[in-house]
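Listed below are the residues making up each chain.
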Amino acid sequence: MESSSEWVRVCAASDIDAEDVLRFDFAGRAYAIYHTPDGFYATSDLCTHGGAHLSDGLVIGDIIECPLHQGRFHIPTGSAKSAPACRNLRTYPVRVEQGSVFISLSRTVVS
């Protein structure tokens, strides 16, 4: 993985199909990288309700559905959208350059 002080290369953009999610592990943490109709996004990978990996879930437009209890989150903002999920996800800035997806782990997105 390529990295700088702020941005870490995740994968080629073509590695994530449209309306899909990829698990990315870095420095002992898991992140979910999404390809939605509006672009690429990143959140923490663990559901705030049951601790399941959201990267095993279902992407529906800009929503991720947890595979364990079907709680839903808005991918761009991380906001919890349906029970049993009630705490928002942490989100991270993403950029695509020269066909690669990068995530910034030094800061989170404030919605």
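### Details of the sheet that holds strand β5 (residues 58-60)
Okay, step 1: The 4 strands are arranged β5-β6-β7-β8 in an open sheet whose pairing can be described as antiparallel. Each edge of the sheet is formed by a strand with only one pairing partner; in this case those strands are β5 and β8 (80-82). Sheet twist, expressed as the mean angle between neighbouring strand axes with direction ignored, is 30°.
Okay, step 2: Pairing between β5 and strand β6 (residues 63-65): 3 bridges, direction antiparallel. Of the residues in β6, the one forming a bridge with Ile 60 is Ile 63.

### Looking at the pairing of strand β3 (residues 29-36)
Okay, step 1: Counting buried residues in β3 gives 7 out of 8 residues, a clear majority hidden from the surface.
Okay, step 2: The turn joining strand β2 (residues 20-26) and β3, which pair antiparallel and follow one another in sequence, is formed by 2 residues; a positive phi near 55° is taken by Ala 27.
Okay, step 3: Note: β3 against strand β4 (residues 39-44), 6 bridges, orientation antiparallel. From the neighbouring strand, Ile 33 faces β4, where its bridge partner is Ala 42.
Okay, step 4: In this structure, the hairpin formed by β3 and β4 is closed by a connection of 2 residues.

### Here we look at the sheet that holds strand β10 (residues 94-97)
Remark on secondary structure: sheet strands pair via backbone hydrogen bonds, oriented parallel or antiparallel.
Okay, step 1: With antiparallel pairing, 3 strands are arranged side by side in an open sheet as β1-β11-β10. Either end of the sheet is taken by a strand with one partner, and the two such strands are β1 (7-12) and β10. Taken pair by pair, the neighbouring strands of this sheet meet at an average axis angle of 30°, ignoring direction.
Okay, step 2: Taken together, the 5 bridges between β1 and strand β11 (residues 100-104) define a ladder with antiparallel strand orientation. The residue of β11 that forms the bridge with Val 8 is Ile 103.

### Side note on the side chain of Ser 44
Okay, step 1: Tracing the sequence through the fold places Ser 44 in strand β4.
Okay, step 2: Residue Ser 44 is classed as buried on the basis of its relative accessible area, which comes to 18%.
Okay, step 3: Contact partners of Ser 44, with chain neighbours within four places excluded, come to Ala 30, Tyr 31, Ala 32, Leu 54, Leu 89, Arg 90 and Tyr 92.

### Digging into the packing of aromatic side chains
Okay, step 1: Under the defined criterion, the tally for this structure stands at 3 aromatic pairs.
Okay, step 2: Their ring planes at 15° and their centres at 6.0 Å tell us that Phe 24 and Phe 26 sit as a pair that is stacked.
Okay, step 3: Where Tyr 31 meets Tyr 92, the ring centres are 5.2 Å apart and the plane angle is 85°; that geometry is what we call edge-to-face. With Tyr 31 in strand β3 and Tyr 92 in strand β9 (residues 91-92), this pair connects stretches of sequence that are 61 residues apart.
Okay, step 4: Exposure remark for Tyr 31: the relative accessible area of 6% places this residue in the buried category.
Okay, step 5: Aromatic rings pair up to connect Phe 24, Phe 26, Tyr 31 and Tyr 92 into one cluster.
Okay, step 6: Taking NZ or CZ as reference, Arg 95 lies 5.5 Å from the ring centre of Phe 102, over its face.

Cut-offs used in this document
Residue positions within a chain follow its written sequence, with the count starting from 1. Since the coordinates come from a predicted model, pLDDT governs what is reported: local features require at least 70, and pairs of side-chain atoms require 80 or more to be given and counted, while whole-chain, interface and lining totals use all residues. Only hydrogens and water are set aside; all other atoms, that is, all heavy atoms of the structure, feed into the side-chain values. Should DSSP find at least two bridges between two strands, the strands are taken to pair. Where helices and strands are cited, they refer to DSSP runs of H or I of at least four residues and of E of at least two residues respectively, numbered from the N terminus. Axis geometry follows a simple rule: fit a line to the C-alpha atoms, using only the stretch in contact for helices, then measure angles between N-to-C directions, giving values from 0 to 180 degrees. In this scheme, a residue with accessible area under 20% of its type's maximum is buried, one over 50% is exposed, and one in between is partly exposed, where area comes from a 1.4 Å probe on protein chains only. When checking whether two residues touch, look at their non-hydrogen atoms; a contact exists if any pair is within 4.5 Å. Two rings from Phe, Tyr or Trp (for Trp, the six-membered ring) form a pair when their centres sit within 6.5 Å of each other. Planes less than 30 degrees apart are called stacked, planes more than 60 degrees apart edge-to-face, and all others tilted. Only lysine NZ and arginine CZ atoms are considered, and such an atom sits over a ring when it is within 6 Å of the ring centre and within 35 degrees of the ring normal.

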